[in-house]
Amino acid sequence: MHDKPDNKEEKGMEQAGEVKAGQETGGEVKPLETKPVDESRLTGLGSRIRVYDINGKKYMFVTLVEEKTITPETKGIKIAVESPLGMKLLGKKVGSVVEHNDLKFRVVNYTRDGKFFS
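Now for a description of the structure that goes with this document. This structure is a prediction, so every number in the text was calculated from the model and none was measured. (Residues numbered from 1 in each chain as written. Predicted model: local features only at pLDDT ≥ 70, side-chain atom pairs only at ≥ 80, totals over all residues. Heavy atoms only, no water.)

Let us now look at the packing of aromatic side chains. Per the counting criterion, the structure on display carries two aromatic pairs. Here Y110 and F117 contribute two aromatic rings whose centre-to-centre distance is 5.0 Å and whose plane-to-plane angle is 25 degrees, an arrangement assigned as stacked. Note on Y110: relative accessible area 1%, which makes it buried. (Phe/Tyr/Trp six-rings, centres within 6.5 Å; stacked < 30°, edge-to-face > 60°. Buried < 20%, exposed > 50% of the residue type's maximum accessible area, 1.4 Å probe, protein only.)

Laid out in structure tokens, this is it:
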């Protein structure tokens, strides 16, 4: 049988219905169902992304490209997908927050393959 709890923490756990080691749950645990992700709706190579710099409180546009296409004139506007920030921006959806060093960016909207996502 089940002994009465000795301290407040154990009483609280019992009242909250938490399962203790060796206690039967009476049911089977089922895995969470997940929906397949439509990758065409995520940022990718060639995406032009409008991000909000949360720390600097400003908006800016960046484009995810291959490193070989970046020139000194486009550095900062184009971000290589191979770079640490580029890898963090890949596969994101609108509303995602990306942290890089001390910076935080929120994906506001983007275009990919001629489609606009907001």
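Before going further, it helps to examine the nonpolar core. Among the nonpolar cores identified, the biggest contains 13 residues, and I49, L64, I79, L85 and L89 are the most heavily contacted of them. If you list the elements that add at least two residues to this core, you get β1 (48-53), β2 (58-65), α2 (84-89) and β5 (103-112). Take this core: its biggest share by element is three residues, from β5. Among residues more than four places away in sequence, those in contact with L64 are G44, L45, G46, S47, I49, I79, V81, G86, L89 and L90. (Core = buried A, V, L, I, M, F, W, Y, C linked by side-chain atoms within 4.5 Å. Helix = DSSP H or I, 4+ residues; strand = E, 2+ residues; numbered from the N terminus. Contact = heavy atoms within 4.5 Å.)

Bridge count between β1 and β5: six bridges; the pairing is antiparallel. In the sheet register, R48 faces β5, and the bridge partner there is T111. Sheet analysis places strand β4 (residues 97-100) next to β5, joined by four bridges and oriented antiparallel. The partner of V97 across the bridge, within β5, is R106. As consecutive antiparallel partners, β4 and β5 are separated by two residues, and within that stretch N101 has a phi angle of approximately 55 degrees, a positive value. In the sheet, β5 pairs with strand β6 (residues 115-117) via three bridges, with the strands oriented antiparallel. Residue pairing in the sheet places T111 in a bridge with F116 of β6. (Pairing = 2+ DSSP bridges.)

Take the pairing of β1 next. Here β1 runs beside β2; their pairing, made up of six bridges, is antiparallel. Bridging across to β2, V51 finds its partner in M60.

Right, let's get into unusual backbone geometry. Here the phi dihedral of K57 falls at roughly 55 degrees; this positive angle occurs in a residue that is not glycine. The residue K57 is located in the loop between β1 and β2 in this model. On the accessibility criterion, K57 (63% relative accessible area) is exposed. For D113, which is not glycine, the phi dihedral falls at a positive 50 degrees. Among the structural elements, D113 can be located in the loop between β5 and β6. On the basis of relative accessibility, which here comes to 64%, the residue D113 falls in the exposed class.

Along the chain, the position of T63 falls in strand β2. The residues contacting T63, other than those within four sequence positions of it, are G46, S47, R48, I77, K78 and I79.

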